[in-house]
Each structure stands twice: as structure tokens, then as C-alpha cells.
Amino acid sequence: SLYQNSLEEFALAIKFDPGNVKAYRKKGLVHYGLKQYDKAETLFKKTIALDSENVQAYINLGMVKYSTGDKAEAKKLWEYAIDLKSSDNDGKALNNLANLYKEEKKFDKAIEYYKSARKDDPKNTLYINNLADVFRLKGEPDQAIETLKNSLKLNAQGMVAYFNLGMAYKDLKEYEKAIKAFKQ
């Protein structure tokens, strides 16, 4: 499989250059994608041991912790990643924290973090769609619709945006608009 080929290529890269930080992290991402969380965690920790300022490795390790049920540790790792380097794109960590707050129904905190993620990457429709979903869940469907329309300006094919738009219209009992959005 492609995953196995990737793992073999990263293993070779590490064999020939044991200090190759990118190879460890990317190999960890492949293991994460395969849901081999123990192996992914080991590789992300190795990345951090080689480069203690590797923001993405902390974010990735946080994803492992989140996926294995340790949300408190995931939160700490993402917060650390955000504070580590302001020059790195912290949008992923901010988005992940916002997702945690959304899950906990701490909608105002989730909105704050999604908006911060957008500042780092204003054209990232994932962050915009997540923000809109929180507006909808918070009972602000009009704000959700406005936000989703902005997302669709950036990506007119956005399936998630159309789905969330349909949900917002459904919440407003505007069923024809909801059906139209769902059909997009």
C-alpha cells in the first residue's frame, strides 16, 4: 500500500540521516493516519527530542492524545504549541482547542479560538465552517449563515459549508433554502 511505501521511505531517510527531524514527524503522521497511535506518539516525541521548538510535533502529539482519549493532555500540548513560537502557523492548534471547547459546549470560548485561528489563516475554510457551526449550535443561525456565505466566497464547492448552511436554514425553519443548500 502507499502507506507502507511511505513508512519504508521514511525509515530509509532516518537510517541515512538519524537527525532528520522532518522524517520522524512525517513518519509519525503516517502512523497516525493508520491509527497506530503508540508508534505515532513515539515518533512525535523523538521529533521533539531532536527539535524542542517543533510546533507541529506538539500539535501532532496533541492529536494522538486526543484520539486516545487524553483530552486534558491534548489541550496542554496545543496550548504549549501556541505559546512556543508566534512565527509559526498556530492555526491548527487554535482550531483543535476550539473543537474541544465546542465539544464541551463552551461556545463563546470556541468562537474566540476559531476567530484566532482565522487570523493566522484567513482563507482556511475549515476554520470558517467550524466557526459557523458554533454560531448555529449557540442559537445564532443568522450569524452562521453570514459566516458560511463568506466561506463559500472562498470555496464555492465547499460541501461542508453547504451542509452547515442547510442546517442553519433548517434551524430557522426555512426548509426550501435548507433543501437547496443540502443539494449543492
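Preceding this paragraph is the structure being described.
Computed from a prediction, not measured in an experiment: that's the story for all the values here. Each chain has its residues counted from 1, running along the sequence as written. Local features in this predicted model are restricted to residues of pLDDT 70 or higher, and side-chain atom pairs are both shown and tallied only at a pLDDT of 80 or more, whereas totals for entire chains, interfaces and linings draw on every residue. In computing side-chain properties, one takes all heavy atoms of the structure into account and sets aside hydrogens as well as water.

## Details of the nonpolar core
Core analysis: the biggest nonpolar cluster contains 42 residues, and W78 and L165 have the highest contact counts within it. Ignoring anything within four residues of it in the chain, the contact list for W78 reads Y58, I59, G62, M63, Y66, A93, N96, L97 and L100. Among buried residues, those of type Ala, Val, Leu, Ile, Met, Phe, Trp, Tyr and Cys that are joined through side-chain atoms within 4.5 Å constitute a nonpolar core. Here the term buried applies to any residue with accessible area under 20% of the maximum for its type, exposed to any over 50%, and partly exposed to those in between, with areas from a 1.4 Å probe on protein chains only. Throughout, a contact is declared for two residues whenever any of their heavy atoms are within 4.5 Å.

## Focus: unusual backbone geometry
Phi angles above zero are rare outside glycine, and K105 is one such case at about 65 degrees. As for its position among the elements, K105 is in the loop between helix 6 (91–103) and helix 7 (107–120). Judged by its relative accessible area of 62%, K105 falls in the exposed class. Runs of H or I in DSSP of at least four residues are treated as helices and runs of E of at least two as strands, each being numbered from the N terminus.

## Here we look at the packing of aromatic side chains
Stacked, tilted and edge-to-face are the three classes assigned to paired rings of Phe, Tyr and Trp, where Trp is represented by its six-membered ring and a pair needs centres within 6.5 Å; plane angles under 30 degrees give stacked, over 60 edge-to-face, the rest tilted. Counted by the stated rule, this structure contains five aromatic pairs. Taking the centre distance of 5.4 Å and the plane angle of 40 degrees together, the rings of Y101 and Y113 count as tilted. With Y101 in helix 6 and Y113 in helix 7, this residue pair connects regions lying twelve residues apart in the sequence. Comparing Y101 with Y113, the two get one shared label, buried. A centroid spacing of 5.6 Å and a plane angle of 50 degrees characterise the contact between F163 and F182, whose relative ring orientation is tilted. Of this pair, F163 sits in helix 10 (residues 159–171) while F182 sits in helix 11 (residues 175–183), and the two are 19 residues apart along the sequence. Classification of F163 by relative accessible area gives partly exposed; the value is 45%. A relative accessible area of 38% places F182 in the partly exposed class.

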